[in-house]
Each structure stands twice: as structure tokens, then as C-alpha cells.
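Geometric and topological summary
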Amino acid sequence: MLKLKLLKGSTIIEVIVAMMLIMLCYGIITVIFLNIKKTGNNRLKLNAYLLIEHVIQETNKEKSFFDEDYEYDNLIIYKTVSKYQKSEDLKEICFEANNKDGNIIIEKKYIVLVK
């Protein structure tokens, strides 16, 4: 007579619990990936902001209130100077940082008194 050997298997509850754990891990990994991707963009914005601040200091120090372009490793900073509300003594200086693709990363404007 043949003896049947019983194989141990998992129940449907165990399978569902395992699937839920896998989905939880996948969700956590997705959140971490998106945070890392977003942090890279913030680093580029911070770098652009610091470069603009440096250009502002140079502009004020040298009193070079005319249009210029500055090219750095991966950024291009455009400086445009215009009259502020039809005043001869006030100038509005606009700084725009672009990446190599031409996308605007950050803009900053300020007003300076020119004598």
C-alpha cells in the first residue's frame, strides 16, 4: 500500500502578510528615492543662490551697474540693469541663474541707489 506524504505549505493568511511586508518595503524605498531626487534640486538652487550673492557683492564693490553674463561650471548668471520707476538715481538689478539647458533655477531682484 502506498503512503501519501503530506507537504507543509503556507496558508493564505501567511501569503497576504508576506505580500503586505513587501509592499511596505517598496513604499519606503520609493519615498527615500523621491527625497534623494528632490535634495539634488535643492543643492543646485542653493549653489545658484550663493553664486548670485557673490555676483551681487562684486557688483556693489566695483559699481558695475550694466548688463553682464557670468558663466560658471554648470550655471549661467544673467545680470540686467534697468531704471527703477523712471528714476535716474535708482537702478533695478535683476539676476537670473540658468542651468546649461536654459531652465531658470532662481531669480533675484534688488534696487540700488546710484550717485
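The paragraphs below set out a description of the structure included in this document. (Residues numbered from 1 in each chain as written. Predicted model: local features only at pLDDT ≥ 70, side-chain atom pairs only at ≥ 80, totals over all residues. Heavy atoms only, no water.)

What follows covers the pattern of salt bridges. Counting across every chain of the model gives four salt bridges. Salt-bridge contacts for E53 lead to K108; the nearest nitrogen and oxygen are separated by 2.2 Å. On the criterion of sequence distance, the pair formed by E53 in helix 1 (residues 12–62) and K108 in strand 4 (residues 104–113) is long-range, its members being 55 residues apart. On the basis of relative accessible area, E53 is assigned to the partly exposed category, the value being 21%. (Salt bridge = Lys/Arg side-chain N within 4 Å of Asp/Glu carboxyl O. Helix = DSSP H or I, 4+ residues; strand = E, 2+ residues; numbered from the N terminus. Buried < 20%, exposed > 50% of the residue type's maximum accessible area, 1.4 Å probe, protein only.)

Where nonpolar side chains cluster on the molecular surface, the patch consists of I12, I13, I16, V17, M20, L21, L24, I28, I32 and I36 and spans about 1,000 Å² of accessible area. Looking at the secondary structure, you find I13 in helix 1. (Patch = residues over 30% accessible without salt bridge, like charges linked within 9 Å, V, L, I, M, F, W, Y side chains within 5 Å. Areas by Shrake-Rupley, 256 points an atom, 1.4 Å probe, with all protein chains shown as cover.)

Our next topic: helix 1. For helix 1, spanning 51 residues, the distance from its first C-alpha to its last is 76 Å, which sits close to the expected 75 Å at 1.5 Å a residue. For helix 1, the complete set of buried residues consists of A48, L51, I52, V55, I56 and T59. Buried-residue contacts for helix 1 involve strand 1 (68–71), strand 2 (75–84), strand 3 (87–99) and strand 4. In the stretch just after helix 1, K63 is the one whose phi turns positive, near 55°. (Expected span 1.5 Å × (residues − 1). Contact = heavy atoms within 4.5 Å.)

What follows is about the pairing of strand 4. Here is the key point about a regular strand: its side chains alternate between the two faces of the sheet. Two strands pair when backbone bridges link them, and strand 3 and strand 4 are joined in this way by nine bridges, in the antiparallel orientation. Bridging from a neighbouring strand, E92 pairs with I111 of strand 4. In this structure, the hairpin formed by strand 3 and strand 4 is closed by a connection of four residues, where G102 is found at a positive phi of approximately 95°. (Pairing = 2+ DSSP bridges.)

Turning next to the packing of aromatic side chains. Tallied over the full model, the rule gives one aromatic pair. For the pair F95 and Y110, a centre-to-centre distance of 6.1 Å together with 5° between the ring planes defines the contact as stacked. Residue F95 is located in strand 3, and its partner Y110 is located in strand 4; the two are separated by 15 residues in the primary sequence. Grouping residues by exposure puts F95 and Y110 together as buried. (Phe/Tyr/Trp six-rings, centres within 6.5 Å; stacked < 30°, edge-to-face > 60°.)

Strand direction decides the pairing type here: strand 1 and strand 2, joined by four bridges, are antiparallel. Its bridge partner lying in strand 2, E68 is registered against K79. What sits between the antiparallel neighbours strand 1 and strand 2 is a turn of three residues.

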